[in-house]
Amino acid sequence: MAVSIHSHLARIEDRITGRKGSFDEKIKALENLVTARRQGRLSDGLSLNTVLHGKIVDHLEDFARFMKGIGIDDIRFNFIRPSHKAEKSKAWVPSFEETTPAVARLIAMNESQLGMSLNFADFPLCKLPYQVLGNRALLQRYVGENWDMTTDVTQVRREAAWDAPQGYIRFNWKARRKEFKTYPPGCEHCVLLVQCEGVWQKYLDIYGGDEFAAGPAVAEACMVTG
């Protein structure tokens, strides 16, 4: 079971959900789910699905500690997609210049103290901490899902439709990559191009692509040492 929660602070979570008191309700629900898991009543486990946004980027370690304290040991961080109210907002969409060091600090703390299962998604691979890129074991541990670009989910429909003539809805990560993501010019010769989803197109509308100019060189160096 996955639960979406995006801050360990009530004022931020309530602002995101648009409803006062939602944070307290979610924490109570999580505590109940942790109890159910300990009793063997959650066969699929329990994890958090968290958007990594500008209001949390400087507090990732506090977020992880807080969730560990209530019994959560599995968190997936998804880098925010710049859409809707966040489409042009640097307040909500952090730069990778801010995000990469914050993720490195969290991973270092997790390796030395917490021992949680953490996963980072929607990151261009060259913007992961170099310690992770250069270590295949860490790469698989923290970014494992990003290596499975052929993953698809099929849902059976009761009736066939023009876009699903056999009655199936099909989702494929590659299709999502083509629709919402892109590769800045600096990515052209990157050795990780096949594995990497690229970057949100609208991220580049906010920050441009200059920070990706050195990406392939960094990635190549890390792959050689990894």
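Above this text sits the structure in question.
Below you will find a few notes about this structure. These numbers were taken from a predicted model, which means no experiment stands behind them.

Turning our attention to the layout of surface pockets. Space inside the largest pocket adds up to approximately 470 Å³. Lining the largest pocket are 19 residues, and of these His 6, Ile 16, Val 51, Ile 80 and Arg 81 sit closest to its centre. The leading source of residues in the lining of the largest pocket is strand β3 (residues 74–79), at three residues. In terms of residue class, the lining of the largest pocket is made up of seven nonpolar, six polar and six charged.

Right, let's get into the packing of helix α3 (residues 60–69) against helix α4 (residues 96–114). When two helices pack together, their arrangement is captured by the angle between the axes and the distance separating the axes. At a minimum axis separation of 9 Å, α3 and α4 run at an interaxial angle of 35°. For the pair α3 and α4, the crossing hand works out as right-handed. Across the interface between the two elements, Leu 60, Glu 61, Ala 64, Arg 65 and Lys 68 from α3 touch Ala 102, Val 103, Arg 105, Leu 106, Met 109 and Leu 114 from α4.

Counted according to the given criterion, the structure contains nine salt bridges. The salt bridge involving Glu 13 is made with Lys 26; its shortest N-O contact spans 2.7 Å. Of this pair, Glu 13 sits in helix α1 (residues 10–17) while Lys 26 sits in helix α2 (residues 22–38), and the two are 13 residues apart along the sequence. In this structure, Arg 19 engages Glu 25 in a salt bridge whose closest nitrogen and oxygen atoms are separated by 2.7 Å. Classification of Arg 19 by relative accessible area gives partly exposed; the value is 43%. Where salt bridges share partners, they join Asp 122, Lys 181 and Glu 197 into one cluster.

Moving on: the packing of aromatic side chains. Applying the stated criterion across every chain yields a total of 13 aromatic pairs. Between the aromatic rings of Phe 96 and Tyr 203, the centroid separation amounts to 4.8 Å while the plane-to-plane angle is 45°, which identifies the pairing as tilted. Remark: Tyr 203 occurs in helix α8 (residues 201–207) and Phe 96 occurs in helix α4; sequence separation between them is 107 residues. We note Lys 55 situated over the ring of Trp 92; from NZ or CZ to the ring centre the distance is 5.4 Å. Cation over ring: Arg 81 sits above Phe 180, and NZ or CZ is 4.4 Å from the ring centre.

Parameters and conventions
Residues numbered from 1 in each chain as written. Predicted model: local features only at pLDDT ≥ 70, side-chain atom pairs only at ≥ 80, totals over all residues. Heavy atoms only, no water. 1 Å grid on protein atoms, 1.4 Å probe; cavity = no way out; pocket = protein on both sides within 12 Å on 5 of 7 lines; lining within 4 Å. Points joined across faces, edges and corners; volume = space filled by probe spheres on them. Helix = DSSP H or I, 4+ residues; strand = E, 2+ residues; numbered from the N terminus. Nonpolar A, V, L, I, M, F, W, Y, C, P; charged D, E, K, R; others polar. Axes fitted to C-alpha atoms, helices over the stretch in contact; angles between N-to-C directions. Left-handed = near helix turned anticlockwise from the far one by under 90°. Contact = heavy atoms within 4.5 Å. Salt bridge = Lys/Arg side-chain N within 4 Å of Asp/Glu carboxyl O. Buried < 20%, exposed > 50% of the residue type's maximum accessible area, 1.4 Å probe, protein only. Phe/Tyr/Trp six-rings, centres within 6.5 Å; stacked < 30°, edge-to-face > 60°. Lys NZ or Arg CZ within 6 Å of the ring centre and 35° of its normal.

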